[in-house]
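Understanding the architecture of this molecule
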Amino acid sequence: MELIQNTADLSAYLAADDVIDHHHPLVRETAARLAKGVVDSYAYARAAFEFVRDTIPHSQDSGDLRVTWRASDVLERRTGICYAKAHALAALLRAEDIPTAFCYQKFDEVHGLVAVRFDGAWHRQDPRGNKPGVDAQFSLDGERLAFTPDPEFDYPVLYAEPHPVVLSVLKAAPDRPHLWKTLPAAL
């Protein structure tokens, strides 16, 4: 599948905002800790991916009822669904000047992940979190995502900001059970 940027301006994929708050002290501290001792930006991207995938449980898997959407809140509270975990990973990557986009897959609901830009190409990564039947890995040599979508229902657009439909659902949810009832079925 050919991935399509929703804006030609690559700097948009490095931007900070209220959601991807990579200027926040906790995001900066976490990025600095992850960057310590890595040899290059590839190794940093892998370390950030594994940190989010492995140390921030997916709230559905852990039973956590809290809903997070801002990157710094995901890092502080150590919980989030796929969208929130993608926001945290994007903030950590953008904090180290790695262009990062938001992308989505369509199943019964829309699933969120990110794409990183290396060597002039975008590579999708899924920090959802592994469990039995899910084995997402950081890869620049072909996708190793949590779920294999039907190409007919895979969204090719790379967004510089989280999709507004996704963000509005996250912000409106008082808890995860409510969120589960309102997850978007399409973008």
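Our structure's up above, just so we're on the same page.
All values derive from a computational prediction rather than experimental measurement.

Overview of the overall build of the protein chain
- Summing up its helical and strand segments, the protein chain has 7 helices and 5 strands in all.
- Helices and strands in the protein chain line up, N terminus first, as β-α-α-α-α-α-β-β-β-β-α-α.
- Computed over the C-alpha atoms, the radius of gyration of the protein chain is 15 Å, within 12% of the 16 Å expected from 2.2 N^0.38 for a compact globule of 187 residues.
- The 187 residues of the protein chain split such that 50% are buried.
- Put simply, 60% of the contacts in the protein chain that link residues at least 6 apart link residues at least 24 apart.
- One way to put it: in the protein chain the 20 positive side-chain charges average out to a point 5 Å from where the 27 negative ones average out.

Thoughts on the sheet that holds strand β3 (residues 110-118)
- Sheet architecture is open: 3 strands sit in the order β2-β3-β4, paired in antiparallel fashion. Sheet topology places β2 (100-106) and β4 (121-125) at the edges, where each strand pairs with a single neighbour. Neighbour-to-neighbour, the strand axes of this sheet turn through a mean angle of 35°, independent of strand direction.
- Bridge count between β2 and β3: 7 bridges; the pairing is antiparallel.

Topic: the packing of aromatic side chains
- Scanning the entire structure with this criterion turns up 6 aromatic pairs.
- For the ring pair F107 and F147, a centre distance of 5.5 Å and an interplane angle of 65° mean the geometry is edge-to-face. Of the two residues, F107 sits in the loop between β2 and β3 while F147 sits in the loop between β4 and β5 (157-158), which places them 40 residues apart along the sequence.
- An aromatic cluster is built from Y83, Y104 and Y159, whose rings are joined through pairwise contacts.
- One Lys or Arg, K171, reaches over the ring of W69 and ends 4.7 Å from the middle of that ring.
- The cationic tip of R176 hangs over the ring face of W180; the distance from NZ or CZ to the ring centre is 6.0 Å.

Here's the deal with the pairing of β2
- Counting buried positions along β2 gives 6 out of 7 residues, so the element sits mostly inside the fold.
- Turn length for the β2-β3 hairpin, with the two strands adjacent in sequence and antiparallel, is 3 residues.

What about the packing of helix α1 (residues 25-35) against helix α2 (residues 41-55)?
- The contact between α1 and α2 brings their axes to 9 Å, and the two run at 120°. On the basis of their axis angle, the class for α1 and α2 is oblique. The handedness of the crossing between α1 and α2 is right-handed. Packed against α1, whose contacting residues are T30, A31, R33, L34 and A35, the element α2 presents Y44, A47, A48 and F51 at the interface.
- When its residues are assigned to classes, the contact of α1 with α2 shows 7 nonpolar, 1 polar and 1 charged.

What to know about the environment of A95
- Among the structural elements, A95 can be located in helix α5 (residues 82-95).
- Between the C-alpha atom of A95 and that of D40, which follows or precedes it by 55 residues, the distance is 14 Å.
- With sequence-adjacent residues up to four places away left out, A95 is seen in contact with H22, V27, R28 and A31.

Criteria and cut-off values
Residues numbered from 1 in each chain as written. Predicted model: local features only at pLDDT ≥ 70, side-chain atom pairs only at ≥ 80, totals over all residues. Heavy atoms only, no water. Helix = DSSP H or I, 4+ residues; strand = E, 2+ residues; numbered from the N terminus. Rg over C-alpha atoms; globule rule 2.2 N^0.38 Å. Buried < 20%, exposed > 50% of the residue type's maximum accessible area, 1.4 Å probe, protein only. Contact = heavy atoms within 4.5 Å. Lys, Arg positive; Asp, Glu negative; His and termini not counted. Charge placed at Lys NZ, Arg CZ, Asp CG, Glu CD. Pairing = 2+ DSSP bridges. Axes fitted to C-alpha atoms, helices over the stretch in contact; angles between N-to-C directions. Phe/Tyr/Trp six-rings, centres within 6.5 Å; stacked < 30°, edge-to-face > 60°. Lys NZ or Arg CZ within 6 Å of the ring centre and 35° of its normal. Parallel < 35°, antiparallel > 145°, perpendicular 65-115°, else oblique. Left-handed = near helix turned anticlockwise from the far one by under 90°. Nonpolar A, V, L, I, M, F, W, Y, C, P; charged D, E, K, R; others polar.

Purely geometric numbers; function is a separate question.
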